[in-house]
Amino acid sequence: MNQPKSSRSLATLTISIWALVLQLAIVSWAQGGHPIPPPPPLGAKTIQCHDRPIPQLEDVTEKAGIHFVHISTPEQKYILDSMSGGVLLLDYDRDGWLDIYFTGAPTVEMALKGEKSRGALYHNNHDGTFTDVTDKAGIATPCFAMGGAVGDYNNDGWPDIYVTCFGGNVLYRNNGDGTFTDVTAKAGVADGRWSTGAAFGDYDGDGFLDLMVSNYVDFHLDHLPPFGTNSTCKFEELDVQCGPRGLRGSGDSLFHNNGDGTFTDVSKRAGVDDPNGYFGMSVVWADFNNTGRPDIYVADDSTPSYLYRNDGDGKFTEMGLESGTAVNGDGAEQASMGIAIGD
Ligand SMILES: [Ca+2]
Ligand SMILES: [Ca+2]
Ligand SMILES: [Ca+2]
């Protein structure tokens, strides 16, 4: 096609200008990082920052009717007193609104006297308030609780609760009528050690949620490590609680869901049993290498963390060090506690 030269030049110039505008827009978007978010909803509490309204968070605990208080001791003579306090969010009655389960732990002193502490289940009333339904639900005192996980292990559509504990975990089946039944014994998922983290994930793709549990320190109420008594129970010259360094760690557990309400401990066979006895704090399932199979990450306190690649044959390969997720950039072990996964 023949085009007059001046017309071609004008077209070329126009395209060049548009390309420049597009390039500038891309650069400025990339430099800005994110597109401008929509404004907060009307009536939301905000402050102005760089001419933009920034939403403010407000403590609504009291207004919401939540009165749960976690028991703690200021002395914290034992490392067991320093842990616990996990909270689960789940829609246990499937009304479309998230409810809250607070786990409760006693102090070591209370436990030695045989005293228990309560957890609490709060039902979401859909109006910003909650009602304590713990007693009706029957999940007030599962154990010396640390935290837990939510998953529908029996595929009946109702989310079930697994509570991690010091000295024996508890699986509660959701009965679908606001009550739960302790099915730990039948399911075979008590573990019995000091469990901290737990997460449900279907590692073998059979449609049933399996359960990974991280365990912390080998700790016994009848053999308490005495406060400040040796070099690992000192901070500078001060006497402090012992641990986790200087105490023995506990291995981790993977329970395969058999699909009939029972589980089988496959930790060793799967290669995720933590024979090193690292101090496990929390665990998460995520497909880190986009194979369609969930892998496992275990955050360990004061010891290297684990990244387990799901090999698809019921086994996992630990690749924490080579993936750069076991220790920090200087090669030092981290006091890893919790985990968040995001893209
Ligand atoms: Ca609900
Ligand atoms: Ca269920
Ligand atoms: Ca499974």
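Keep in mind that this is a model prediction, so the values were computed, not measured.

A tally of regular secondary structure across the chain gives seven helices and 20 strands. C-alpha extents for the chain along the principal axes are approximately 95 × 55 × 50 Å. Sequence-distant contacts in the chain: of pairs separated by 6 or more residues, those separated by 24 or more amount to 48%.

The subject of this paragraph is the sheet that holds strand β5 (residues 120-124). Strand order in the open sheet formed by four strands is β3-β4-β5-β6, with antiparallel pairing between adjacent strands. The open sheet has two edge strands, β3 (87-90) and β6 (130-132), and neither has a second partner. Within the sheet, the average angular offset between the axes of one strand and its neighbour, ignoring direction, is 20°. Note: strand β4 (residues 99-102) against β5, three bridges, orientation antiparallel. Directly across from tyrosine 101, in β5, lies its bridge partner leucine 121.

To continue, consider the pairing of strand β7 (residues 145-151). Counting buried residues along β7, six of its seven residues qualify, which places the element largely inside the surrounding structure. Two strands pair when backbone bridges link them, and β7 and strand β8 (residues 160-165) are joined in this way by six bridges, in the antiparallel orientation. If you follow valine 150 over to β8, its bridge partner there is isoleucine 161.

Okay, the confidence of the model for the chain next. Detailed reading of predicted coordinates is not advised where the pLDDT is low. For the chain, the average pLDDT comes to 92, and 90% of its residues sit at 70 or higher. Within the chain, no element has a lower average pLDDT than helix α1 (residues 5-32), which sits at 52, and none a higher one than strand β15 (residues 253-257), at 99. Confidence drops under pLDDT 50 across residues 1-6; counting only partners more than four residues distant or on other chains, this segment forms one contact.

So, about the environment of glutamate 58. When you line up the elements, glutamate 58 lands in the loop between β2 (52-55) and α2 (79-82). The sequence separation of glutamate 58 and leucine 247 amounts to 189 residues, and the corresponding C-alpha distance is 41 Å.

All right, on to the sheet that holds strand β16 (residues 263-265) then. Ordered in space as β11-β12-β15-β16, the four strands form an open sheet in which the pairing is antiparallel. Two strands close off the open sheet at either side, each with one partner strand: β11 (195-201) and β16. Adjacent strand axes in the sheet meet at a mean angle of 20° when their direction is disregarded. Pairing between β15 and β16: three bridges, direction antiparallel. When the sheet's bridge partners are listed, asparagine 257 is paired in β16 with phenylalanine 263.

A few words now on the nonpolar core. Membership of the largest hydrophobic core comes to 65 residues, with the highest contact counts inside it found for Leu211, Met212 and Ile296. Among the elements that make up this core, the one with the highest residue count is strand β17 (residues 279-286) (five residues). What isoleucine 296 contacts, discounting residues up to four positions off in sequence, is Met212, Val272, Val283, Trp285, Tyr308 and Phe316.

Each value, and the rule that gives it
- Residues numbered from 1 in each chain as written.
- Chains lettered and ligands numbered in written order.
- Predicted model: local features only at pLDDT ≥ 70, side-chain atom pairs only at ≥ 80, totals over all residues.
- Helix = DSSP H or I, 4+ residues; strand = E, 2+ residues; numbered from the N terminus.
- Contact = placed C-beta atoms within 7 Å.
- Pairing = 2+ DSSP bridges.
- Axes fitted to C-alpha atoms, helices over the stretch in contact; angles between N-to-C directions.
- Buried ≥ 20, exposed ≤ 12 C-beta atoms within 10 Å, placed from the backbone.
- pLDDT = per-residue confidence, 0-100.
- Core = buried A, V, L, I, M, F, W, Y, C linked by C-beta atoms within 7 Å.

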